[in-house]
Amino acid sequence: MERIDKTEVKIATEAIVEEQGRYLYCVVDSGEKVSFGEIGIEGKEVYAIPYRDICAVVHNCPAQPYRSDDQEVVKAWVMTHQKVVDTAWERWDTVLPLSFDTIIKGETEGSAERNVKDWLKQEYEGLKSKIEKVRGKAEYGVQVFWDPRVIAQNLTRTSPEIRKLDEEIRLKPRGLAYMCRQRLENLIKREMESKADECFKDFYTRIRKHAGDIRVEKTKKAEQGLQMIMNLSCLIYKDRHTELGEELEKINQLEGFSVRFTGPWPPYSFVGGA
Amino acid sequence: MEPTRNSHATLVDLLDRVLDKGLVINADLIISVAGVPLIGVNLRAALAGMETMLEYGVMKEWDERTRVWESEHRKKNVGANLKAGR
């Protein structure tokens, strides 16, 4: 009679208990059931769970989120996440990326995998239409900065109101000049804002022409005394960014302005929402 | 100008996307990570929106205003495109 090794049974049970989640990287436009090998977060095997002609790219993991207080660890996870999405993107040309740490849970053996399939099934139409929307396209980041010192200086030269006040200050005795200086600062602040408004609208209109779709993101803090006045994500056919690049170069050449142009990224900003 | 994706220079751009964006899944199905401080404070700060009013004041309200303008502009264009039968 064959004797079952108790330790083996124990290990097998533990493995099942510990792997009751599926970490999702992306959904792709293919029903192929493939494995990518051990390229996942912490060396996990990445494979595809198909439903009809689409599939979810996943790895097996415990049903709990990845978390760490160590920034370097998190950075490495995020980079790996991105590498996996890139690998799928290269292979199938069209991906719907998920954000880091999206894990579909399961309660019993095999139920996580079923839940992934059920999710693909339920959302099938929506996923297909998202796939069509981003087919063959990539996302590019466009951030426009200005140097407030240069802009303020130019405004001082070109705005008659500011020039007038500036001259008044020169002629006034100290005490009064202080009050005027405050007024001048407020005036500059206001004019800077309306200048930023004007630039935003102008640049947006120019950039819009070269992008299939566009998302306006929150502006971020910038370094070296610069201010970000515009933060966009643009959806464009892969490698058809030349015209946009030329337009951005023109903005980049303006005095006091600079542009950051990044990508191609998987279309993260265009697959959210309903 | 050419787009770049050098892994060091564009790390923040990558984090921005991978941490906050992407396909959304029905919350019942997934392990909730909302409110869990996943990453260190410094990394978050680099990602946070511009929050201080700077010396020459491009202000938060301005930032919000431009986005309102954009969404109205977009609606108008969609309307125009629909009318034009595009």
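This is a predicted model, so every value here is computed, not measured. (Residues numbered from 1 in each chain as written. Chains lettered and ligands numbered in written order. Predicted model: local features only at pLDDT ≥ 70, side-chain atom pairs only at ≥ 80, totals over all residues.)

Any chance you could explain unusual backbone geometry here in plain terms?
The bulk of non-glycine residues show a negative phi, and the bulk of peptide bonds are trans. Residue and element names in this part refer to chain A. In the segment running from Gly263 into Pro264, the intervening peptide bond is cis, with an omega of -5°. Inspection of the secondary structure assignment puts Pro264 in strand β10 (residues 257-265). A positive phi is found at Arg52, a non-glycine position, where the angle reads about 50°. Looking at the element boundaries, Arg52 is found in the loop between β3 (46-51) and β4 (54-61). Backbone geometry at Asp101 places phi at a positive 75°, although glycine is not the residue there. Among the secondary structure elements, Asp101 is positioned in the loop between β5 (95-97) and β6 (103-105). The exposure class assigned to Asp101 is buried, which follows from the 22 C-beta atoms found within 10 Å. (Helix = DSSP H or I, 4+ residues; strand = E, 2+ residues; numbered from the N terminus. Buried ≥ 20, exposed ≤ 12 C-beta atoms within 10 Å, placed from the backbone.)

Is there a simple way to think about the domain arrangement of chain A in this case?
A common way to report how large an interface is uses the accessible area buried once the components associate. Residue and element names in this part refer to chain A. Considered domain by domain, chain A is made up of domain 1 (6-134) and domain 2 (137-163 + 193-270). Taken over C-alpha atoms, the centre of domain 1 sits 35 Å from the centre of domain 2. Opposite the six residues of domain 1 that make contact, domain 2 presents six residues. If you list the elements that add at least two residues to the side of domain 1 that touches domain 2, you get α2 (71-92), β5 and α4 (124-134). Considering only residue class, the side of domain 1 that touches domain 2 consists of five nonpolar, no polar and one charged. (Domains from an automatic or database assignment. Contact = placed C-beta atoms within 7 Å. Nonpolar A, V, L, I, M, F, W, Y, C, P; charged D, E, K, R; others polar.)

Just to check I follow, could you spell out the interface of chain B and chain A for this structure?
At the junction of the two partners, chain B supplies 40 residues and chain A supplies 59 residues. The set of elements that each furnish at least two residues to the side of chain B that touches chain A consists of α1 (11-20), α2 (41-47) and α3 (60-83) of chain B. Looking at which element gives the most residues to the side of chain B that touches chain A, the answer is α1 of chain B, with seven residues.

Just to check I follow, could you spell out the packing of helix α5 (residues 148-158) of chain A against helix α7 (residues 174-208) of chain A for this structure?
The angle between the axes and the distance between the axes are what describe a pair of packed helices. All names here are of chain A. The contact between α5 and α7 brings their axes to 10 Å, and the two run at 105°. Judged by the angle between their axes, α5 and α7 are roughly perpendicular. Residues Pro148, Ile151, Ala152 and Leu155 of α5 form the contact with α7, whose participating residues are Ile188, Glu191, Met192 and Lys195. A breakdown of the residues in the contact of α5 with α7 according to their chemical character gives six nonpolar, no polar and two charged. (Axes fitted to C-alpha atoms, helices over the stretch in contact; angles between N-to-C directions. Parallel < 35°, antiparallel > 145°, perpendicular 65-115°, else oblique.)

Would you explain the pairing of strand β1 (residues 21-28) of chain A in this entry?
Here is the key point about a regular strand: its side chains alternate between the two faces of the sheet. Residues and elements named next belong to chain A. Burial runs high along β1: eight of the eight residues are buried. Summarising the sheet, β1 and β4 pair through seven bridges and their orientation is antiparallel. Within β4, the position partnered with Val27 by the bridge is Ala56. Here β1 pairs with β6 via three bridges, running antiparallel. Counted as the bridge partner of Arg22 is Ile104 from β6. Sheet analysis places β1 next to β5, joined by three bridges and oriented antiparallel. The residue bridging Val27 from the neighbouring strand is Leu96, located in β5. (Pairing = 2+ DSSP bridges.)

Please clarify how the pairing of β3 of chain A should be interpreted in this entry.
Residue and element names in this part refer to chain A. One ladder, built from two bridges, connects strand β2 (residues 35-37) with β3; its direction is antiparallel. Each bridged residue has a counterpart across the sheet, and for Ser35 the counterpart in β3 is Tyr47. Pairing of β3 with β4, which is carried by five bridges, proceeds in the antiparallel orientation. Each bridged residue has a counterpart across the sheet, and for Tyr51 the counterpart in β4 is Ile54. The turn joining β3 and β4, which pair antiparallel and follow one another in sequence, is formed by two residues; a positive phi near 50° is taken by Arg52.

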